[in-house]
Amino acid sequence: MVEETIFSKIIRREIPADILYQDELVTAFRDISPQAPTHILIIPNHLIATANDVKQSDEAALGRMMIVAARLAKEEGIDEDGYRLIMNCNKHGGQEVYHIHMHLVGGKPLGPMLSK
Ligand code: DGP
């Protein structure tokens, strides 16, 4: 049994978050500690702990995450200049919350992809 994280409480609106989008598959909300002018997290409503745990049955939710990312990038006005989509996995990836999430980051030049 995989343990719920704070993100499940955000999805159920049990704790506050700046939710920008929600449907039957995914939820998107602003990151509590933004690393750029736009920093949004897009997550599946059902708990998938890490990218390693993705199953065939998750395909619809994962596809929707991508659709919502593109839509929010446009709404934020960062689609033309560009942005970065990031999903961290486990320790070396720097994952802190074990409910997979796509970071949508933009609004300024983001520099090289990886810090040295
Ligand atoms: P990661 O390192 O990829 O697991 O990123 C986790 C992100 O989640 C990090 O950028 C901060 C964000 N975060 C953690 N707790 C909360 C929270 O309670 N609310 C919101 N909005 N974001 C959170």
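Given the structure is predicted, the values throughout are model-derived calculations rather than measurements.

S.K.: Would you mind going over the overall build of the chain in detail, with residue names and values included?
M.R.: For the chain, the helix and strand inventory stands at three helices and five strands. The order of helices and strands in the chain, counted from the N terminus, is α-β-β-β-α-β-α-β. For 116 residues, the compact-globule formula gives about 13 Å, and the C-alpha radius of gyration of the chain, at 14 Å, lands near that figure. Once the C-alpha set of the chain is aligned to its principal axes, its extents read approximately 40 × 30 × 30 Å. Going through the 116 residues of the chain one by one, you find that 34% of them count as buried. Entry remark: accessible area of the chain is about 7,300 Å², with carbon and sulfur atoms responsible for 54%. A distance of 3 Å separates the average location of the 12 positive side-chain charges in the chain from that of its 16 negative side-chain charges.

S.K.: Kindly report on the packing of aromatic side chains, identifying the contributing residues and their values.
M.R.: Applying the stated rule across the entire model yields one aromatic pair. Where F7 meets F29, the ring centres are 5.3 Å apart and the plane angle is 75 degrees; that geometry is what we call edge-to-face. Separated by 22 residues along the polypeptide, F7 in helix α1 (residues 6-11) and F29 in strand β2 (residues 26-30) bring together distant segments of the chain. With relative accessibility at 6%, the residue F7 sits in the buried group.

S.K.: A description of the pattern of salt bridges should follow, citing residues and the corresponding values.
M.R.: Enumeration according to the criterion identifies eight salt bridges in this entry. Measuring nitrogen to oxygen at the nearest pair gives 2.7 Å for the salt bridge that ties R12 to E14. Among the charged side chains, a network of salt bridges with common partners joins E4, R12 and E14.

S.K.: Lay out the layout of surface pockets in plain terms, naming residues and giving numbers.
M.R.: Here the largest pocket is characterised by a volume of approximately 820 Å³. At the level of secondary structure, the elements contributing two or more residues to the lining of the largest pocket comprise α1, β2, β3 (38-44), β4 (83-86) and β5 (102-106). Its residues placed into classes, the lining of the largest pocket shows 17 nonpolar, 10 polar and five charged.

Rules of the game
Throughout this document, residue positions are counted from 1 along each chain, in the order its sequence is written. Where local features are concerned, this predicted model is filtered to residues with pLDDT of at least 70; where side-chain atom pairs are given and counted, the filter is 80 or more; whole-chain, interface and lining totals use all residues. Computation of side-chain values covers all heavy atoms of the structure but excludes hydrogens and water. Secondary structure follows DSSP: runs of H or I at least 4 residues long count as helices, runs of E at least 2 residues long count as strands, and numbering of each begins at the N terminus. Here the globule rule is a power law, 2.2 Å times the number of residues to the power 0.38, and the radius of gyration is based on C-alpha atoms. A simple rule labels every residue: compare its accessible area, found with a 1.4 Å probe on the protein chains alone, to the largest value its type can have, and call it buried under 20%, exposed over 50%, or partly exposed in between. Accessibility throughout is a Shrake-Rupley quantity obtained with a 1.4 Å probe, and a residue counts as covered only by protein chains that appear here. Neither His nor the chain ends contribute to the count of charged residues, in which Lys and Arg are positive and Asp and Glu negative. Here the site of a charge means NZ on Lys, CZ on Arg, CG on Asp, or CD on Glu. A pair of Phe, Tyr and Trp rings is counted when the ring centres sit within 6.5 Å of each other, with Trp represented by its six-membered ring. The angle between the planes then sorts it: under 30 degrees is stacked, over 60 is edge-to-face, the rest tilted. The salt bridge definition used is simple: a Lys or Arg side-chain nitrogen within 4 Å of an Asp or Glu carboxyl oxygen. Buried and open spaces are told apart on a 1 Å grid over the protein atoms alone, a cavity being a set of points where a 1.4 Å probe fits but cannot get out and a pocket being an open set with protein on both sides within 12 Å along at least five of seven lines. Residues with an atom within 4 Å of a point are the lining residues. Grid points are joined across faces, edges and corners, and a volume is the space filled by probe spheres set on the points. The nonpolar class holds Ala, Val, Leu, Ile, Met, Phe, Trp, Tyr, Cys and Pro. Asp, Glu, Lys and Arg form the charged class, and all remaining residues, Gly among them, are polar.

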